[in-house]
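# Notes for the structure review
Each chain is listed here by its residues.
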Amino acid sequence: MKNHGKLLYFSTVNVFDDNLECPHYEDDCVNSVSEYGRFKICCENQLRKTMGNQVIIIRIPFVYGRNSPRICQIREGCKTGLLDVYTNLLCNYVTDVQIAEYVEWIIREKKEGYSA
């Protein structure tokens, strides 16, 4: 990019969906069994190849907003006393507000590369 700008690319933790038994970290090798995860890996690789440090890859998990369907379901379940609970479930999530805070921090601190 001629103007030295940055591109923030929102990818997904699906790039690690080959192994759901443990948490994954950004320096782990990506490997996906899903078509979507493989597509995102391809996009990340192409962007890195084309843009180098001018692309910032942000891999996000489930995103919950204040009135997202899952949050509304949890609120309703708490009110009625009927809430599905899953044991032994490893699940990462982030809120829409947290994503905005991360993006603001990346811009303010002039971060490079990829972030979670």
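Since the model is a prediction, treat every value here as computed from it, not as a measurement.

To continue, consider the overall build of the protein chain. When helices and strands are tallied, the protein chain shows three helices and five strands. Helices and strands in the protein chain line up, N terminus first, as β-α-β-β-α-β-α-β. Over its C-alpha atoms the protein chain spans a radius of gyration of 17 Å, topping by over 25% the 13 Å that the globule rule assigns to 116 residues. Overall, the protein chain is about 55 × 30 × 20 Å in size when its C-alpha atoms are taken along their principal axes. Here the protein chain holds 116 residues, and the buried ones make up 28% of them. Expressed as a percentage of contacts within the protein chain between residues at least 6 apart in sequence, the contacts between residues at least 24 apart total 68%.

Between the first and last C-alpha of helix α2 (residues 69-80) there are 16 Å, a value that for twelve residues agrees with the 16 Å anticipated at 1.5 Å per step. Following α2 by one or two positions, Gly81 adopts a phi angle in the positive range, close to 80 degrees.

Bringing the pairing of strand β2 (residues 55-60) into the picture now. Of all six residues that make up β2, six are buried, and the element is covered over most of its length. Along β2, one buried face is formed by Val55, Ile57 and Arg59 and the opposite face, lined by Ile56, Ile58 and Ile60, is buried too. Summarising the sheet, strand β1 (residues 7-12) and β2 pair through six bridges and their orientation is parallel. Each residue of the ladder has a partner; that of Leu8, found in β2, is Ile56.

Of note, Val94 is situated in strand β4 (residues 93-95). Residue Val94 is classed as buried on the basis of its relative accessible area of 4%. Taking the C-alpha atoms as reference points, Val94 and Glu26, separated by 68 residues in sequence, lie 16 Å from one another. Sequence-distant contacts of Val94, that is, excluding residues within four places in its chain, are made with Pro61, Phe62, Val63, Tyr64, Ile99 and Tyr102.

The next subject is the side chain of Asp17. Along the chain, Asp17 turns up in the loop between β1 and α1 (35-51). Buried and unpaired, Asp17 has no salt bridge, with Arg38 as the nearest side chain of opposite charge at 6.8 Å. At a separation of 2.7 Å, a polar atom in the side chain of Asp17 contacts the main-chain amide nitrogen of Val33. When sequence neighbours within four positions are dropped, the list of residues in contact with Asp17 reads Asn31, Ser32, Val33 and Ser34.

One broad trend across soluble globular proteins is that nonpolar side chains are buried collectively. Counting residues in hydrophobic clusters, the biggest one holds seven residues: Ile56, Ile58, Ile60, Val94, Ile99, Val103 and Ile106. Mapped onto this core, the elements with two or more residues apiece are β2 and α3 (96-108). With six residues, the next largest nonpolar core counts Tyr9, Cys43, Leu47 and Val55 among its residues.

Residues with a pLDDT of 70 or more make up 94% of the protein chain, whose mean pLDDT is 86. Mean pLDDT values over the elements of the protein chain span from 55, in strand β5 (residues 113-115), up to 95, in α1.

Calculation rules
- Residues numbered from 1 in each chain as written.
- Predicted model: local features only at pLDDT ≥ 70, side-chain atom pairs only at ≥ 80, totals over all residues.
- Heavy atoms only, no water.
- Helix = DSSP H or I, 4+ residues; strand = E, 2+ residues; numbered from the N terminus.
- Rg over C-alpha atoms; globule rule 2.2 N^0.38 Å.
- Buried < 20%, exposed > 50% of the residue type's maximum accessible area, 1.4 Å probe, protein only.
- Contact = heavy atoms within 4.5 Å.
- Expected span 1.5 Å × (residues − 1).
- Pairing = 2+ DSSP bridges.
- Lys, Arg positive; Asp, Glu negative; His and termini not counted.
- Salt bridge = Lys/Arg side-chain N within 4 Å of Asp/Glu carboxyl O.
- Polar contact = N/O pair within 3.5 Å; in protein donor to acceptor, adjacent residues only side chain to side chain.
- Core = buried A, V, L, I, M, F, W, Y, C linked by side-chain atoms within 4.5 Å.
- pLDDT = per-residue confidence, 0-100.

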